[in-house]
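Single-letter residue listing:
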Amino acid sequence: MKSHPRNARIKGDPFLPSRFIFGDAVDDSGIEPSEYLIHTEFPAFVCRLVGEDNTPFPGREVEADAFASAMLYDEEENLTVYVCSQGFRLFDFNFWDEVPTADELQKVCDAAMDAYRRLNEAYAARETGVKLREFREGASEPLPPRERAQRIDDLAAKAREALGSPVHAMQLSATVQMALSGGDPAVFTEAQLALLKEPAARELLIGTARDCIAFPEVLHKDGSLASFELWALPFAFSRAQGGVWWHFPLLERIEAPLADALDVPQNAVLWVSPTLFTLEMLNERACQNLSQLATVMDAGCDFAPYNPDAARATFEAARQTADPQLVLAWIPFIVERGTLPLDKAKRLGRKALDAVMPLVQEAIGAEMEYGEAELFAPLPWWEALSAGTRAWNRKRLGVTVALVAASAGGLAGLEAVAQYQPEHYAYQVLIKASGKDDVLAHAPWALVPDVAPDKEAAWEDLALCLKEAGIPLTEQASRLH
């Protein structure tokens with residue numbers, strides 16, 4: 001745009017306003033106690049609007065659902081007043097052209113009250129929340145042992161074949177997608193474990209699975225193909241009660257401000273999943289059910305990792321117990337592929353957090369009680385899992401070590417012993433005084449959720465973190481009883 005010459009005529013085609021415009025006004029004392037109504041058609045006028053009016057008039061004593069109105073004349077104030085059975089009063093009429101008759105003005109005011117009613121209904125609907133969408137559950141059914149074994153062998157064989165053949169690599173991608181979305185997570189998990197002695201084939205298999213999740217493609221009924229990228233906002237919060245809920249319809253409201261803050265092109269798709277995924281949910285199926293997320297969202301539905309009714313009943317029972325907990329979760333969203341460069345997302349990350357944090361808190365609070373909450377910057381899916389888990393691990397371990405150091409007089413003389421707990425996909429880190437068996441404190445150190453969680457990478461990250469603090473670390477085999 002450029003500066004408009006002061007003496008030039010105003011340009012542009014006029015945009016006709018709505019027939020009725022309602023709003024507030026301010027004076028020197030602040031917001032005026034009455035609203036204003038503007039009527040833009042004949043007879044054009046502006047007047048004041050107030051509620052809770054009980055002025056008697058013929059017809060007010062009618063049935064509760066019936067509507068009645070009247071034009072009255074206040075002799076003392078020399079004013080024409082409109083009143084109705086809904087309790088509204090219109091007065092101080094100022095006309096811009098010809099003054100109508102009382103009958104003409106009453107008909108306009110009746111129409112205005114109908115518009116005012118619909119306006120308030122729209123406000124109420126917006127405050128109540130968004131319309132619930134259809135749930136679609138991911139497949140979750142173990143295969144018969146013989147069929148499972150056949151699919152495991154077939155998947156491992158295709159990974160070997162794909163190492164030196166682009167054609168077989170394309171076939172591997174389709175086979176992996178079927179394995180991930182088939183409902184039996186053991187197929188992919190056992191296949192990648194079967195390739196432990198063949199690291200090249202195993203890495204190809206794992207990388208293919210990670211790409212299927214991070215870069216989903218959705219085939220439409222008309223034959224068109226939509227390509228997306230899966231991103232996420234890591235989200236941590238505390239709860240005083242047991243149980244954690246996972247579906248928050250109001251998260252839909254963050255789509256527009258998130259897209260604006262990240263400068264996503266106006267016509268590009270950015271859809272937020274109202275279903276969030278906790279650390280435990282991702283570990284339960286090794287992230288595999290995420291391969292179905294984009295397809296469900298593209299169909300305008302909400303993904304259900306569990307049966308919604310049964311899960312809700314379980315949550316309602318668990319929330320009755322006092323069970324303080326800290327929860328790490330991720331809010332997924334998909335964007336059209338190529339519309340959100342990583343460098344731009346990192347540069348605008350803080351702006352995005354400022355834009356959506358209040359809406360995220362409102363959405364979570366509408367469905368579940370929580371205490372403190374922390375939202376992390378949006379990142380591509382696997383980067384978001386890594387960044388969120390690493391930050392979470394360091395924060396919890398750091399607080400634990402700081403408390404021990406405060407009572408022990410410093411970090412000197414402390415040591416750490418880590419026990420791997422496969423059922424939790426985490427190390428349990430025990431903080432002790434050097435040479436003593438008494439445990440002063442303990443904290444979990446979680447593996448980053450993945451289709452094939454990397455225990456060694458988690459250990460190396462833990463060792464590096466404690467080395468920076470000057471605390472020696474040893475590993476202890478977990479007890480089996």
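For every chain, the first residue of the written sequence is number 1, and numbering continues from 1 along that sequence. Residues qualify for local features only when their pLDDT is at least 70, as the model is predicted, and side-chain atom pairs are given and counted only at 80 or more; totals for whole chains, interfaces and linings, by contrast, use all residues. Here the side-chain values reflect all heavy atoms present in the structure, with hydrogen atoms and water set aside.

Draft legend 1. Fine view of the overall build of the protein. Comment: elements are numbered from the N terminus, with helices defined as DSSP H or I runs of at least four residues and strands as E runs of at least two. Assigned secondary structure in the protein consists of 13 helices and 21 strands. Relative to its length of 481 residues, the protein is extended, with a C-alpha radius of gyration of 31 Å against a globular reference of 23 Å. Referenced to the eigenvectors of the C-alpha coordinate spread, the extents of the protein come out at roughly 95 × 65 × 60 Å. Three exposure classes are used, based on accessible area relative to the maximum for each residue type with a 1.4 Å probe and protein chains only: buried under 20%, partly exposed in between, and exposed over 50%. Out of the 481 residues in the protein, the part that is buried amounts to 42%. Two residues qualify as a contact provided that any one of their heavy atoms is within 4.5 Å of a heavy atom in the partner residue. Here the contacts in the protein between residues at least 6 apart in sequence split such that 69% fall between residues at least 24 apart. Total accessible area on the protein stands at roughly 26700 Å², and carbon and sulfur atoms take up 53% of it. Charged-residue counts in this description rest on Lys and Arg as positive and Asp and Glu as negative, His and the chain ends being excluded. Charged side chains are reduced to one point each, which is NZ for Lys, CZ for Arg, CG for Asp and CD for Glu. Here the protein holds 44 positive side-chain charges and 71 negative ones, and the gap between their average locations is 8 Å. All radius of gyration figures rest on C-alpha atoms, and the globule criterion is 2.2 Å times the number of residues raised to 0.38. Here the open area of atoms and residues is found with the Shrake-Rupley method and a 1.4 Å probe, where only the protein chains shown may cover a residue.

Draft legend 2. Structural view of empty space enclosed by the protein. Using a 1 Å grid laid over the protein atoms alone, points where a 1.4 Å probe fits but cannot get out form a cavity; open sets with protein on both sides within 12 Å along at least 5 of 7 lines form a pocket; any residue with an atom within 4 Å of a point counts as lining. Grid points are joined across faces, edges and corners, and a volume is the space filled by probe spheres set on the points. Following the criterion strictly, the structure yields one cavity of 30 Å³ or more and no others. Taken as a whole, the largest cavity encloses approximately 40 Å³ of empty space. In terms of lining residues, the largest cavity is bounded by G138, A139, S140, R285, N289, F303 and P305. The nonpolar class holds Ala, Val, Leu, Ile, Met, Phe, Trp, Tyr, Cys and Pro. Asp, Glu, Lys and Arg form the charged class, and all remaining residues, Gly among them, are polar. Class assignment of the residues belonging to the lining of the largest cavity gives a composition of three nonpolar, three polar and one charged.

Draft legend 3. Focus on the side chain of H247. Its location among the elements puts H247 in the loop between β11 (225-241) and α6 (255-261). The definition of a polar contact used here is a pair of N or O atoms within 3.5 Å, where within protein one atom must be able to donate a hydrogen and the other to accept one, and adjacent residues in sequence count solely through side-chain atom pairs. At a separation of 2.9 Å, a polar atom in the side chain of H247 contacts the side chain of D302. Setting aside residues no more than four positions away along its own chain, H247 makes contact with F135, P274, T275, D302 and E367.

Draft legend 4. Highlighting helix α5 (residues 199-214). One fewer than the residue count of a helix, multiplied by 1.5 Å, yields its expected span. Look at α5: 22 Å from first C-alpha to last across 16 residues, which is about the 22 Å you get at 1.5 Å a residue. The set of residues buried in α5 consists of A201, R202, L205, I206, T208, A209, C212, I213 and A214. In this structure, the buried residues of α5 make contact with α2 (145-162), α3 (166-181), α4 (186-194), β11 and α12 (381-408).

Draft legend 5. Spotlight on the sheet that holds strand β4 (residues 35-39). Only strands that DSSP links by at least two bridges are regarded as paired with each other. Overall, antiparallel pairing links the six strands, which are arranged β1-β4-β5-β8-β7-β6 in an open sheet. Single-partner strands in this sheet number two, and they are β1 (20-23) and β6 (69-74). Strand-to-strand twist across the sheet, computed as the mean angle between neighbouring axes with direction ignored, equals 25°. With four bridges joining them, β1 and β4 adopt antiparallel strand pairing. When the bridges of β4 are listed, F20 appears paired with H39. Under this scheme, a helix contributes an axis fitted over its contacting stretch, all axes are lines through C-alpha atoms, and angles between N-to-C directions fall in the 0 to 180 degree range.

Draft legend 6. Looking closely at the layout of surface pockets. Taken as a whole, the largest pocket holds about 880 Å³ of empty space. Lining the largest pocket are 36 residues, with T278, L279, E280, Q325 and L326 positioned closest to its centre. Those elements that provide at least two residues to the lining of the largest pocket are α7 (279-284), α9 (308-318), β15 (322-336), α12, β19 (426-433) and β20 (439-446). Considered class by class, the residues forming the lining of the largest pocket number 21 nonpolar, 11 polar and four charged. Quantified by volume, the second largest pocket comes out at close to 370 Å³. Taken together, the elements giving at least two residues each to the lining of the second largest pocket come down to α4, α5 and α13 (455-469). For the lining of the second largest pocket, the residue count by class is nine nonpolar, three polar and seven charged.

Draft legend 7. Fine view of the sheet that holds β20. The sheet built from four strands is open, its strands ordered β20-β19-β18-β21 with mixed pairing. Among the strands making up the open sheet, the edge pair consists of β20 and β21 (473-476). Along the sheet, successive strands turn relative to each other by an average axial angle of 25°, direction set aside. Relative to β21, strand β18 (residues 414-421) runs parallel, the two sharing four bridges. Within β21, the position partnered with A418 by the bridge is E475. Taken strand by strand, α12 contacts β18, β19 and β20, and its axis lies near 170° from that of β20.

Draft legend 8. Representation of unusual backbone geometry in the model. With an omega of -10°, the peptide bond running from F42 to P43 counts as cis. Structurally, P43 can be placed in the loop between β4 and β5 (45-50). Phi is positive for C287, close to 65°, though the residue is something other than glycine. With respect to the element layout, C287 can be found in the loop between α7 and α8 (293-298).

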